[in-house]
Amino acid sequence: MGNLLFIIAVMVVVPWLLLKITRLEKWIPLPMAQIAFGICLGPSALGSSWPELWTTVFTQPIRTGLDSVQILAITIFAFIAGIELKPKEVLAEQGNAIWGKAFHVILVPIVLAGASFMLFFDDPVWHNPDVPFWKYAWTMGVATCITAMPLLVVASQNLGIYNTPNFRKLLALVTFDDLLLWLTVAVVVSMGKLAVNASIFFAVLVVLYYLWPKILEFFGEQSYPTLTVSLALSMAAFSYWAGLHYVLGAFFAGMITPRHAIKWNEGMATQQMFWLMPVFFIWTGLKTSWTLDLSTILLGAVGMFIIAVVTKFVGVWLAYKDQGIRVVCFKTALLQTKGLMEIFLVTMLLTAGIISVNMFAAVVIMSLISTVVAVPLAKLFYKPEIDNV
């Protein structure tokens, strides 16, 4: 137990310390540094150079303990993401015009990216040939074009456009972007022998959507903490039983929980990013391995980054071409903040046997590249006197 706690302490402090020493904290988000640190400690890096040291440090009990912490971390993260993702609120604020923008900015890039994977990444070294190709192309299109809501907020704060009308419109689009990601995971993972169980899960979810606020109201405000924690954990277990991933249950639990019922949870999003999520980020990096040459993995990552930028540019141009090419480039760059959401999705795809370890490694590196360069690219097209109005 002592070794596990010490390793977690190292996971928390070393990436932060490296950013401080190199003075890169303004350019590289801490979660991205944690993932990169994990990759360096992984079996294809540290494990390849010093295999005895790697097996001595990361023993089976240590890996089991890290897996347990990771499960709790991502469950809480998914619940909080569900709380923040309220499509009805977005529609009430932005109106039905958001649908047209969402089609261009979200669906068009996904389709184009999926077609690009058919052309450039149709090889068994990148995906499982036994899985229907449309499933691989669609899920990788979603992964390539996703924008992480938390990192979009951080990037907007750095640029000084946070809480402006432009920011709220982008955030509304990302709300549907993230929702599409969760639905993709639900549909893709549930297809198969457990489809009946998944149907039961979604039927119960529909009932709870209407019933849960009334249950909370019946028991009163003092019961909110106990009931919401119980709901998140039990829904996670329920979705796992249904053949879905456990994080989906936690996410939907957050979606059906009214905002007023989680005021006691204020600050938890920040707390868990320092207490628990470093384990998820670094353990994700630690699981990153590959069978191809590193140069091929890096070339694949750069290729996917180009696909992500070009396809998103096409979608944003279709939606905002009346605002000029500079604004289109600015929004395209800002929407490259992928971070955790992309890595979460490809983790699910790897677990489901849709992609290979080589594709997983390339996407993790691509996510690092896109998230790191998003703000510097956006600054090239940023005019404060216009964009923060």
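These lines cover the structure that appears in this document, whether it is placed above or below. (Residues numbered from 1 in each chain as written. Predicted model: local features only at pLDDT ≥ 70, side-chain atom pairs only at ≥ 80, totals over all residues. Heavy atoms only, no water.)

The helix and strand tally for the protein chain stands at 20 helices and zero strands. Over its C-alpha atoms the protein chain spans a radius of gyration of 21 Å, differing by no more than 12% from the 21 Å that the globule rule assigns to 389 residues. Its C-alpha atoms give the protein chain principal-axis dimensions of about 55 × 55 × 45 Å. Considering only contacts in the protein chain between residues 6 or more positions apart, those separated by 24 or more positions represent 82%. Charge separation in the protein chain, taken as the distance between the mean sites of 22 positive and 19 negative side-chain charges, equals 6 Å. (Helix = DSSP H or I, 4+ residues; strand = E, 2+ residues; numbered from the N terminus. Rg over C-alpha atoms; globule rule 2.2 N^0.38 Å. Contact = heavy atoms within 4.5 Å. Lys, Arg positive; Asp, Glu negative; His and termini not counted. Charge placed at Lys NZ, Arg CZ, Asp CG, Glu CD.)

Of note, Lys331 is situated in helix H17 (residues 325-334). Ignoring any residue separated from it by four or fewer positions in sequence, one finds Lys331 in contact with Leu170, Val316, Tyr320 and Gln323.

This next bit is on the packing of aromatic side chains. In the structure shown here, the tally under the stated rule is 13 aromatic pairs. Summarising the aromatic geometry, the rings of Phe238 and Trp241 are spaced 5.7 Å apart at their centres and angled 25° between planes, so their arrangement reads as stacked. Pair noted here: Phe238 and Trp241 are both in helix H12 (residues 224-241), with a separation of three residues, about one helical turn. Taking relative accessible area as the criterion, Trp241 reaches 44% and is therefore assigned partly exposed. An aromatic cluster is defined as three or more aromatic residues linked by ring pairs; in this entry it consists of Phe201, Phe202, Phe238, Trp241, Phe251 and Phe252. Here the guanidinium or amino end of Lys321 rests over the ring plane of Trp317, the centre of that ring lying 5.0 Å away. Note that Lys331 overlies the ring of Tyr320, its terminal NZ or CZ placed 3.6 Å from the centroid. (Phe/Tyr/Trp six-rings, centres within 6.5 Å; stacked < 30°, edge-to-face > 60°. Buried < 20%, exposed > 50% of the residue type's maximum accessible area, 1.4 Å probe, protein only. Lys NZ or Arg CZ within 6 Å of the ring centre and 35° of its normal.)

Time to look at H12. With 18 residues, H12 should reach 26 Å at 1.5 Å per residue; the first-to-last C-alpha distance of 25 Å fits that figure. Taken together, the buried positions of H12 are occupied by Tyr224, Thr228, Leu231, Ala232, Met235, Ala236 and Ser239. Buried positions in H12, seen along its axis, are confined to an arc of 125° and lie on one side of it. Relative to its buried face, H12 has exposed residues pointing more than 90 degrees away, namely Thr226 and Tyr240. Downstream of H12 by a residue or two, Gly243 has a phi angle that is positive, lying close to 90°. (Expected span 1.5 Å × (residues − 1). Arc of directions from axis to C-beta.)

Right, let's talk about a nonpolar patch on the surface for a bit. Side chains of Val13, Trp16, Leu17 and Ile21 sit close together on the surface and give an oily, nonpolar patch of about 390 Å² of accessible area. Mapping Trp16 onto the fold places it in helix H1 (residues 2-22). Residue classification places Trp16 among the partly exposed positions, given a relative accessible area of 41%. (Patch = residues over 30% accessible without salt bridge, like charges linked within 9 Å, V, L, I, M, F, W, Y side chains within 5 Å. Areas by Shrake-Rupley, 256 points an atom, 1.4 Å probe, with all protein chains shown as cover. Salt bridge = Lys/Arg side-chain N within 4 Å of Asp/Glu carboxyl O.)

Take helix H8 (residues 133-145) next. Taking 1.5 Å of rise per residue, 13 residues should cover 18 Å, and H8 covers 18 Å from first to last C-alpha, within 8% of that figure. Most of H8 is tucked away, with ten of its 13 residues classed as buried. Along H8, the positions that sit buried rather than exposed are Lys135, Tyr136, Ala137, Thr139, Met140, Gly141, Val142, Ala143, Thr144 and Cys145.

Moving on, we get to the packing of H17 against helix H19 (residues 357-380). Packing of H17 against H19 leaves a shortest axis separation of 8 Å and a crossing angle of 165°. One element, H17, and the other, H19, form an angle in the roughly antiparallel class. You can see that H17 and H19 cross each other, and the crossing is left-handed. When H17 is examined against H19, the residues Phe330, Ala333 and Leu334 are found in contact with a partner set consisting of Ala374, Leu377 and Ala378. Here the contact of H17 with H19 is built from residues that sort into six nonpolar, no polar and no charged. (Axes fitted to C-alpha atoms, helices over the stretch in contact; angles between N-to-C directions. Parallel < 35°, antiparallel > 145°, perpendicular 65-115°, else oblique. Left-handed = near helix turned anticlockwise from the far one by under 90°. Nonpolar A, V, L, I, M, F, W, Y, C, P; charged D, E, K, R; others polar.)

Attention now goes to the environment of Ala172. Relative to the assigned elements, Ala172 resides in helix H10 (residues 165-190). The spatial distance from the C-alpha of Ala172 to the C-alpha of Ile98 is 7.8 Å, given a sequence separation of 74 residues.

For the rest of this paragraph, the subject is the nonpolar core. Within soluble globular proteins, side chains that are nonpolar generally end up buried alongside one another. Ranked by internal contacts, the top residues of the largest apolar core, which has 125 residues, are Trp182 and Met359. With twelve residues, the top contributor of residues to this core is helix H5 (residues 60-84). (Core = buried A, V, L, I, M, F, W, Y, C linked by side-chain atoms within 4.5 Å.)

None of the figures reported here should be taken as evidence of function without further support.
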